[in-house]
Amino acid sequence: MSDFSGMEELLQDFLQESSELLDDVDSKLLMLERSPNNHGLLNDIFRGFHTIKGGAGFLNATELVTLCHLTENLFDRLRNDQLTLDASIMDAILSATSEVRHMFGALSQNTQPSSAPLSITQALEAILEGKNLAKASPPPAAPSAAPPPGPDWNALFAALTASGTSPEPSSPMVHPAQDKPTVNVLPTPNIDPPLDAPQEIKSYGRRATDSLTSASPSGRREAENVKENTIRVDTERLDQVLNLSGEIGLTKNRLNQLRSDILLGKQDPNTLRALDEAVNQLDMLVVSLQNSVMKTRMQPIGRLFKKFPRLARDLARQLNKEVELVLVGEETEIDKTMIEDLNDPLVHLIRNAVDHGVELPTERTSSGKPAKSLIHLQARQIGDHINIVIADDGKGMDPETIRAKAISKGLISPEVASSLDETQCLELIFLPGFSTKDQISSVSGRGVGMDVVKTNIKKLNGNVTIRSEVGKGSELTISLPLTLAILPVLMVRIGTQSFAVPLSLVREIIALEHNQIQHVGGKSTLVVRGEILPMVSLAQLLHWEESNQAHTGVLMQVDNQSFILSVDGFDGHDDVVIKSLDTFRPNGVAGVTMSSDGEIVLILDIKELFGLTGGIVSH
């Protein structure tokens, strides 16, 4: 039974507003860490906790009220200069914010949250009493005894029931830069144990990074597992939709009147001209309404981006690195559903950048770089696509090292590896099971992260490209359509069957003259403005029988490769509504749509089709 019967609507409003407040608090905490004497930030964070406490009190969430009250008192001391912010106090505050978010997860399940761990409340009370956390913290726990052979049935039970009743891991030690005093960091729900921690946490039925007893930044809290079903829309956009609906209603009335006149035999040129004008006006209004409705789904990507500076900060402290995540283009808008699905890929990419990309401060200074590394997370709109760039100034990736690693792991054969260029070698990191780490840790080594990135981006009809320079850093670019609902396509034909290909890949349409087609090494090619391009038959890609009627070539570009797709003809371009094939999705098919005459048309995934048949080069 719900603990909030009759208050469900109030609870949802509280969770939505408080989650946004807590996100803002998290962002300002990282700013405060860089300027600890900024009283404006201290006051803003104080008000954030005070507002959350007030709403929680109205819902009788006493444990949440208690935790917020302690944190609020701490910030009251800080803003009145009765305390000075240091690393140990910041760790305690971040632990408290993580626990508040965890309590939001319980509230989202309509249950009262349990009390905060004693380690968090005692740490806050110790700070308020003026105790030195470094001295008050207990010594690190001794290494645990070796686990008995065979499965850990308690851990398996906890994983299956999601009870999370396993004991918490011992408090980790974090060693900052040598010129700073050593501080014992309090156990926090969002920081993984260090790589050399003696205690090994067994986990069955899930990745090590999703441990129930040590919820790392990559672990998914209950609140994050529940997708938001509400959206905030600017009232101006709603007014625009309302105005267009009214205009469409007036145009509909005009069409009904013209229809009645024509049925009565009134078919003079003036009536027909008025009908043509009304149809054109309706077409224009429907397109405008469609665009306006799509804009109501668009949200600034900054809502997603602001979660990641905290993730990068916590992981960097765990790995004894100095990292700052710089956000650019937070105001760029993208479809709300895509914002939710982008979370996991970006988490993996940022964790990879911190773990694999950037070096330790000593390594950076010895190579003439600043001790603190910068990771840029940037979003920008290019045409009807949005590009998300994750760039670091770390050590970069060596294509030859990646090639050798893939061969040693048996992911590709030496013959295939020798035919790959540098860009294709870099793309090997997306293979399932590939990892440059020899040992598995709580952060990396299992070879699943980049595979998850590619799989999830592919589901969004996007792609990922890599650029890297050894010693300078790496840059990964995710290219996505602005929305998944509407897709501009080119309609092509094989015989009488129509197919749709994304218009974003099309560069030019060429009339094929068979006497101009040349064969090089048994492959068909065509010279276009002095450039020799491979020509591939769509029928061949689909394993259909060749019709020998291909008179049209579609010049396309996939990633950095251009080619000509030969088809029997084309029927123009259109903006279509994509219907996904969730239960059954054939390889090479991105979705389906319906043509103007009611025919079902497959939307082809050209890149996947080439991947299934050996790539563009092989053709």
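See the structure printed just above.
As the structure is a computational prediction, the values presented were derived from the model and not from experiment.

Draft legend 1. Region of interest: the environment of Leu505. Mapped onto the elements of the fold, Leu505 is located in the loop between β9 (497-502) and β10 (506-511). Sequence-wise, Leu505 and Met556 are 51 residues apart; in three dimensions their C-alpha atoms are separated by 5.3 Å. Non-local contacts of Leu505, meaning those with residues more than four positions away in its chain, are made with Leu555, Met556, Gln557, Val558 and Ile606.

Draft legend 2. Broad picture of the pairing of strand β8 (residues 486-494). Most of β8 sits inside the fold, with seven of its nine residues counted as buried. Strand direction decides the pairing type here: β8 and strand β16 (residues 569-577), joined by seven bridges, are antiparallel. Considered in β16, the bridge of Val492 is made with Phe570. The pairing of β8 with β9 spans six bridges and is classified as antiparallel. Residue pairing for β9: Arg493 is matched across the bridge by Ser498. The antiparallel pairing of β8 with β9 creates a hairpin that spans two residues between the two strands, and Gly495 there sits at a positive phi of about 65 degrees.

Draft legend 3. Here's a closer look at the sheet that holds β16. Spatial strand order, β16-β8-β9-β18-β17: five strands in an open sheet with mixed pairing. Every interior strand has two partners, whereas the edge strands, β16 and β17 (589-594), have only one. Taken pair by pair, the neighbouring strands of this sheet meet at an average axis angle of 35 degrees, ignoring direction.

Draft legend 4. Representation of the packing of aromatic side chains within the structure. With the rule as written, the count across this model stands at three aromatic pairs. Judged by centre distance (5.4 Å) and plane angle (70 degrees), the rings of Phe499 and Trp544 are edge-to-face. Here Phe499, found in strand β9, pairs with Trp544, found in the loop between α20 (538-541) and β14 (552-558); they are 45 residues apart in sequence, far enough to count as distant. One residue, Arg79, lies across the ring of Phe46, its end atom 3.7 Å from the ring centre.

Draft legend 5. Highlighting helix α5 (residues 118-128). For α5, the complete set of buried residues consists of Ile120, Thr121, Ala123, Leu124, Ala126, Ile127 and Leu128. Phi for Gly130, located one or two positions after α5, is positive at around 80 degrees.

Draft legend 6. Main features of the sheet that holds strand β11 (residues 518-520). Spatially, the six strands line up as an open sheet ordered β10-β14-β15-β13-β12-β11, and their pairing is mixed. A single partner strand is all that each edge strand has here, and the edge strands are β10 and β11. Pairs of neighbouring strands in the sheet enclose a mean axial angle of 40 degrees, with direction left out of account. Where β10 and β14 come together, five bridges link them in antiparallel fashion. Considered in β14, the bridge of Glu508 is made with Leu555.

What counts, and where the lines are drawn
- Residues numbered from 1 in each chain as written.
- Predicted model: local features only at pLDDT ≥ 70, side-chain atom pairs only at ≥ 80, totals over all residues.
- Heavy atoms only, no water.
- Helix = DSSP H or I, 4+ residues; strand = E, 2+ residues; numbered from the N terminus.
- Contact = heavy atoms within 4.5 Å.
- Buried < 20%, exposed > 50% of the residue type's maximum accessible area, 1.4 Å probe, protein only.
- Pairing = 2+ DSSP bridges.
- Axes fitted to C-alpha atoms, helices over the stretch in contact; angles between N-to-C directions.
- Phe/Tyr/Trp six-rings, centres within 6.5 Å; stacked < 30°, edge-to-face > 60°.
- Lys NZ or Arg CZ within 6 Å of the ring centre and 35° of its normal.

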